[in-house]
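Reading the structure
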Amino acid sequence: MAEMIENSVLFLITMGAFSLLMWRRVRGNSLWRATVTPLASIIGSGFLIVAPLLSDLSGKWAPFAMAGIVALAWGLGSVVRFNIRHAEPVLAAGNETRALRWAEDASRMALALAYIVSVTFYLRLMASFVMDAADVHSVFLGNMLATLVLAFIGVAGFLRGLGGLEALEETAVSVKLAIIVALLAGLSWHDATGGYVLDGVVPGDMPFAERLRMLAGMLLVVQGFETSRYLGHAYDADVRVKSMKLAQLLSAAIYILFVALLLPLLSSLSGEKPDETAIIGLSQQVASLLPSLLVVAAVMSQFSAAVADTAGAGGLGEEQSGGRLPAQKGYLLVAGAGIVIVWSADVFEIVAVASRAFAAYYGLQALVALLTIGDAKVEAGRGLRLIFTLLGFLMLLIALFALPVG
């Protein structure tokens, strides 16, 4: 009886949160629509695996490690927001120096590569979840499903533009966030009634250098906020800056709270290799309804993240080509390239390339910010210059030495 009540309460929480997110006044809000794309990308493939990974790397200090990661991501977001405010006008006017143009073009090339691979990775992972849930084990059918979804996203973007992709994103993100709300509520009740015991949560046995390299690679789990930078064909600078801040704040709260609340359950995973299905199994201890909900959330996470990165890639192509390649055609190109990768390469291996490309992108964006300060005579104190320099150098180290985990 108690279990039935718990499941009923969690189901009602899920439906209530979903109804609120799908409310016309929420969906019709331009700031929320602009927030959905970066939010969908940030809470993507790494959400379910981030807690066991951090537990394995830092034990009971995992929530603080997560806080450090999102703080670093916020710093990198400030670089991108600075470039939205200051670098974009210089580049649009054609007044940039050769060095600034080179840095911007190089960063876009790195990001384009990362987006194409990450979109393919998200959907191949989504296909794996669907196939596992159906108890079907076929690489061919998994590739076919990923191909069909890639084609659907590309055609939807081509026919309906960014608005069409945002509609897909909003629905998927609403489902995902509603389930996350129910998951956090269930974990909170479980911890409150069962006691918050962390005695069994200990870090794995690994060399300190390897632990640091993996923690650095965790930054890519919260990647995705930069998609706001390439939605300029639909939103002005103020909306993109505000939406990026909102997406980062919401995702940071979700990530930190999730890691902290799940920690007491992770002692049973000691010595095991963390994966997404582990969390789905652990959620059974909270409520029997949660595993099914988390499978849906996992599928929605991959789908919405893929749509978000497709939207970012299309906007990136339009900006880089000076409008000669409209975003709608860019969506088709991204989908087409993804289909080629699905059938010709091991996506789970080359995703490491994408992880390093994302880090290289952030480092180059820091360089763009520094060059903009000098070229455009933007007022910036020594403190800001120092922060951008340190962030750029750190991204270079991550690109070279981090162990990707997303």
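Residues numbered from 1 in each chain as written. Predicted model: local features only at pLDDT ≥ 70, side-chain atom pairs only at ≥ 80, totals over all residues. Heavy atoms only, no water.

1. Re the overall build of the protein chain
Using the following cut-off: Helix numbering and strand numbering both begin at the N terminus, where a helix is a DSSP run of H or I of at least 4 residues and a strand a DSSP run of E of at least 2. Restricting the calculation to C-alpha atoms gives the radius of gyration, and the globule rule supplies 2.2 Å times the number of residues raised to the power 0.38. For each residue, the accessible area found with a 1.4 Å probe, counting protein chains only, is set against the maximum for its type, and the residue is called buried under 20%, exposed over 50%, and partly exposed in between. As used throughout, the charge tally considers Lys and Arg to be positive and Asp and Glu to be negative, leaving His and the chain termini uncounted. By convention, charge coordinates are those of NZ in Lys, CZ in Arg, CG in Asp, or CD in Glu.
A count of helical and extended segments in the protein chain gives 14 helices and zero strands. When the helices and strands of the protein chain are read in sequence order from the N terminus, they spell out α-α-α-α-α-α-α-α-α-α-α-α-α-α. Expected size for 406 residues packed as a compact globule is a radius of gyration near 22 Å; at 21 Å, the protein chain falls within 12% of this value. Across its three principal axes, the protein chain shows a C-alpha extent of roughly 70 × 45 × 45 Å. Looking at the protein chain residue by residue over its 406 residues, the buried ones come to 54%. In the protein chain, 26 side chains carry a positive charge and 29 a negative one; their mean positions are 10 Å apart.

2. Quick look at the pattern of salt bridges
Stated precisely, the cut-off is as follows: Salt bridges are defined by distance alone: a side-chain nitrogen of Lys or Arg within 4 Å of a carboxyl oxygen of Asp or Glu.
Applying the stated criterion across every chain yields a total of eight salt bridges. Of the charged contacts in the structure, one is a salt bridge between arginine 108 and glutamate 104, with a shortest N-O distance of 2.8 Å. With arginine 108 and glutamate 104 both in helix H6 (residues 98-133) and four residues apart, the pair spans about one turn of that helix. Residue class for arginine 108 comes out buried when judged on its relative accessible area of 5%.

3. Focus on the packing of aromatic side chains
Basically, it comes down to this: Two rings from Phe, Tyr or Trp (for Trp, the six-membered ring) form a pair when their centres sit within 6.5 Å of each other. Planes less than 30 degrees apart are called stacked, planes more than 60 degrees apart edge-to-face, and all others tilted. Placement of a positive charge over a ring is assigned whenever Lys NZ or Arg CZ falls within 6 Å of the ring centre and within 35 degrees of the normal to the ring plane.
Applying the stated rule across the entire model yields eight aromatic pairs. Ring centres 5.3 Å apart and planes at 15° place the aromatic pair phenylalanine 225 and tyrosine 362 in the stacked group. With a gap of 137 residues between them, phenylalanine 225 in the loop between helix H8 (208-217) and helix H9 (237-262) and tyrosine 362 in helix H13 (residues 347-375) connect regions that are remote in the sequence. Tyrosine 362 carries the same exposure label as phenylalanine 225, and that label is buried. Three or more aromatic residues joined by ring pairs form one cluster here, namely Phe225, Tyr230, Tyr361 and Tyr362. Lying across the ring of tryptophan 74, arginine 81 places its NZ or CZ 4.3 Å from the centre.

4. Re the packing of helix H4 (residues 47-58) against helix H5 (residues 62-93)
For clarity, the cut-off: Lines are fitted to the C-alpha atoms to define the axes, a helix being fitted only along its stretch in contact, and any angle between axes, read from their N-to-C directions, falls within 0 to 180 degrees. An angle below 35 degrees is read as roughly parallel, one above 145 as roughly antiparallel, one from 65 to 115 as roughly perpendicular, and any other as oblique. Crossing handedness follows the turn of the near helix against the far one: under a right angle anticlockwise gives a left-handed crossing, and clockwise gives a right-handed one. By definition in these notes, contact holds between two residues if any of their heavy atoms fall within 4.5 Å.
Contact geometry for H4 and H5: axes closest at 9 Å, N-to-C directions at 110°. One finds that H4 runs roughly perpendicular with respect to H5. The interaxial crossing formed by H4 with H5 has right-handed handedness. Seen from H4, the contacting residues are Val50, Leu54, Ser55 and Ser58; seen from H5, they are Ala62, Ala65, Met66 and Ile69.

5. Comments concerning the nonpolar core
Filter applied, for reference: Among buried residues, those of type Ala, Val, Leu, Ile, Met, Phe, Trp, Tyr and Cys that are joined through side-chain atoms within 4.5 Å constitute a nonpolar core.
Counting 124 residues, the largest nonpolar core has Leu123 and Phe258 as its most contacted members. In terms of residue count, the dominant contributor to this core is helix H7 (residues 139-194) (18 residues). Excluding residues within four positions of it along the chain, leucine 123 makes contact with Ala146, Val149, Leu150, Ile153, Gln302, Phe303 and Ala306. Grouped together as the second largest cluster of nonpolar side chains are six residues, Ala87, Val90, Leu91 and Leu100 included.

6. Re the side chain of lysine 176
Locating lysine 176 in the fold gives a position in helix H7. Here lysine 176 is in contact with Ala40, Ile43, Ala297, Met300, Ser301 and Ser304, once residues within four sequence places are set aside.

7. Description of the confidence of the model for the protein chain
For the record, the criterion: Values of pLDDT, which run from 0 to 100, indicate the predictor's confidence residue by residue.
Residue-level pLDDT values for the protein chain average 84, and 93% of them are 70 or greater. Across the protein chain, H9 holds the top mean pLDDT of 94, while helix H10 (residues 276-282) sits lowest at 73.

8. Let's talk about helix H3 (residues 30-42)
Rules: Here, expected helix span is obtained from the residue count minus one, scaled by 1.5 Å. One fitted axis covers the seven residues ending at a residue, a second covers the seven starting there, and the bend at that residue is the angle between these axes. The term polar contact refers here to a pair of N or O atoms within 3.5 Å; inside protein, the definition further demands a hydrogen-donor-capable atom paired with an acceptor-capable atom, and it admits residues adjacent in sequence only when both atoms are side-chain atoms.
Compared with an ideal rise of 1.5 Å per residue, which puts 13 residues at 18 Å, H3 spans 19 Å between its outermost C-alpha atoms and is within 8% of the ideal. Where H3 bends most, the angle comes to about 30°, and this point is valine 36, followed within four residues by the proline proline 38. Within H3, ten of the 13 residues are buried, leaving the element largely enclosed by the surrounding structure. Looking only at H3, the buried set comprises Trp32, Ala34, Thr35, Val36, Thr37, Pro38, Leu39, Ala40, Ser41 and Ile42. The residue sitting at the N-terminus of H3 and contributing the capping side-chain oxygen is asparagine 29; that oxygen lies 2.9 Å from the backbone nitrogen of leucine 31.

9. Examining a nonpolar patch on the surface
Spelled out, the test is: Nonpolar side chains (Val, Leu, Ile, Met, Phe, Trp, Tyr) are joined into patches within 5 Å and like charges within 9 Å, using only residues with over 30% relative accessible area and no salt bridge. The Shrake-Rupley method, run with a 1.4 Å probe sphere, supplies the accessible areas, and residue values consider only the shown protein chains as cover.
A cluster of nonpolar side chains, Val136, Phe140, Leu141, Met144, Leu148 and Trp343, forms an exposed patch at the surface whose accessible area comes to about 550 Å². Sort the elements by how many residues they give to the nonpolar patch and H7 lands first, with four residues. With respect to the helices and strands, the residue valine 136 is situated in the loop between H6 and H7. Its relative accessible area of 31% is what places valine 136 among the partly exposed residues.

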